[in-house]
Amino acid sequence: MLLFIENLTPSGQASLSSTLTSTTKAIKAIQPPISNTFMYQNHVLCTHTNGYRDENPLPAWWMFEFSFESAYITEIQIYYREGRTTNEGHHTVYTSNDSNTWTSGTVLYNGTILPTEIHFDAILQFLTYVPPVQNPTIELELCEIGIIGCPPTHYGPLCNTTCPQNCDGPCDLDVGLCTFGCIKGWIGNTCEQACDDGYFGNKCANRCHCLTEPCSKGEGICPPSGCNEGWYGDSCNKECKSGYFGRNCREFCGGCISNICDKLNGLCTNTTGCKPGYLYEDYCNISA
């Protein structure tokens, strides 16, 4: 497994369930120095929750949110206050898609011992650490957390190789393949191939039927000239409704029996006759 060296905590913000004083806020865990010493030369270096002072204390947690949508993470480094960790219960690290659902998120680590380094492969936006003892008076004292990986735009051991520009989110850290596929309008392992003319959207799975030039490959918008016979809509991908035909489905085959006709040219489907009031012929569009 490749080892990645970039600490991504400068690209986000930290929060804490509570704080003891203005000098023990969540940000302390992502500021230098890297140490498990609580105080140095009268400067507090660690976070500290307010469990034992709060009249209505909540269970303790520390959370980090990336400033970008998500990142590919391979490791976290945790330095808890020296001499304050416990083997009573389980230390837990969660990943989640938002700040409100971390308790039902993916568990990245769960153990009675809190190691300094925890290795895994995960794509995440929120990371939450929960101490092993969950009672109202628990004190959470984190001194440093490093979140190691690459930002969503880069890959490689030094995070210095740019992901393919048409990836929909981060790319694989080893070889740069697009992890979640391509943005609309592109296909291929590295999303290097644009949709063929007449196709658009995710995986180029949608087809448009524009009258003149092809539609846009991302959203599928057709030029102002409109749609081919039998189609309508911004992307010219909706078939004419029953009774309508022609370019942009503007023509109405009102003389056909049950208003049913060919969506391209308006020929009546039922060829046995026309509605009363129309002369019998292929289109039933001449009043008697």
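Scroll up a little and you will see the structure.
Residues numbered from 1 in each chain as written. Predicted model: local features only at pLDDT ≥ 70, side-chain atom pairs only at ≥ 80, totals over all residues. Heavy atoms only, no water.

Asker: Could you clarify how one ought to interpret the overall build of the chain in this entry?
Answerer: Along the backbone of the chain there are zero helices and 20 strands. Computed over the C-alpha atoms, the radius of gyration of the chain is 31 Å, more than 25% above the 19 Å expected from 2.2 N^0.38 for a compact globule of 288 residues. Based on the C-alpha atoms only, the size of the chain along its principal axes is roughly 100 × 45 × 30 Å. Out of the 288 residues belonging to the chain, those deemed buried represent 43%. Across the chain, the fraction of contacts at a sequence separation of at least 24, relative to all contacts at a separation of at least 6, is 49%. Carbon together with sulfur atoms contributes 49% to the accessible area of the chain, which is approximately 15600 Å² in total. One way to put it: in the chain the 15 positive side-chain charges average out to a point 8 Å from where the 29 negative ones average out. (Helix = DSSP H or I, 4+ residues; strand = E, 2+ residues; numbered from the N terminus. Rg over C-alpha atoms; globule rule 2.2 N^0.38 Å. Buried < 20%, exposed > 50% of the residue type's maximum accessible area, 1.4 Å probe, protein only. Contact = heavy atoms within 4.5 Å. Areas by Shrake-Rupley, 256 points an atom, 1.4 Å probe, with all protein chains shown as cover. Lys, Arg positive; Asp, Glu negative; His and termini not counted. Charge placed at Lys NZ, Arg CZ, Asp CG, Glu CD.)

Asker: Just checking my understanding: could you explain the sheet that holds strand E1 (residues 12-16) for this structure?
Answerer: Across a sheet, paired strands are connected by hydrogen bonds in the backbone, their directions being either parallel or antiparallel. Strand order across the open sheet formed by five strands is E1-E4-E9-E6-E7, with antiparallel pairing between neighbours. Where the open sheet ends on each side, the last strands, each with one partner, are E1 and strand E7 (106-111). On average, adjacent strands in this sheet sit at an angle of 15° to one another, irrespective of strand direction. Examined bridge by bridge, strand E6 (residues 91-96) and strand E9 (residues 126-130) share five bridges and lie antiparallel to one another. (Pairing = 2+ DSSP bridges. Axes fitted to C-alpha atoms, helices over the stretch in contact; angles between N-to-C directions.)

Asker: When you look at the state of the cysteines in this model, what are you seeing that I'm missing?
Answerer: Between two cysteines, a covalent bond joining their sulfur atoms is known as a disulfide. All chains considered together, the criterion is met by 13 disulfides. Disulfide pairing places Cys163 opposite Cys171 at an S-S distance of 2.0 Å. Residues Cys163 and Cys171 share a disulfide whose torsion about the S-S bond is about -65°; that sign makes it left-handed. Summarising the burial analysis for this pair, Cys163 and Cys171 share the class buried. Paired by a disulfide, Cys167 and Cys178 hold their sulfur atoms 2.0 Å apart. What sets the handedness of the Cys167 and Cys178 disulfide is the S-S torsion sign, and at about -70° it is left-handed. One end of the pair, Cys167, is in the loop between strand E12 (161-162) and strand E13 (186-187); the other, Cys178, is in the loop between E12 and E13, and 11 residues separate them in sequence. As far as the burial class goes, Cys167 and Cys178 line up, both buried. (Disulfide = S-S within 2.5 Å.)

Asker: Looking at this model, I keep getting lost on the side chain of Thr47. Mind explaining?
Answerer: Tracing the backbone shows Thr47 in the loop between strand E3 (43-44) and strand E4 (62-66). Residue class for Thr47 comes out buried when judged on its relative accessible area of 0%. The contacts of Thr47, once residues within four sequence positions are left out, are Leu16, Thr24, Lys25, Ala26, Lys28, Ala29, Phe38, Trp62, Leu140, Glu141 and Leu142.

Function cannot be read off these values alone, since they describe shape.
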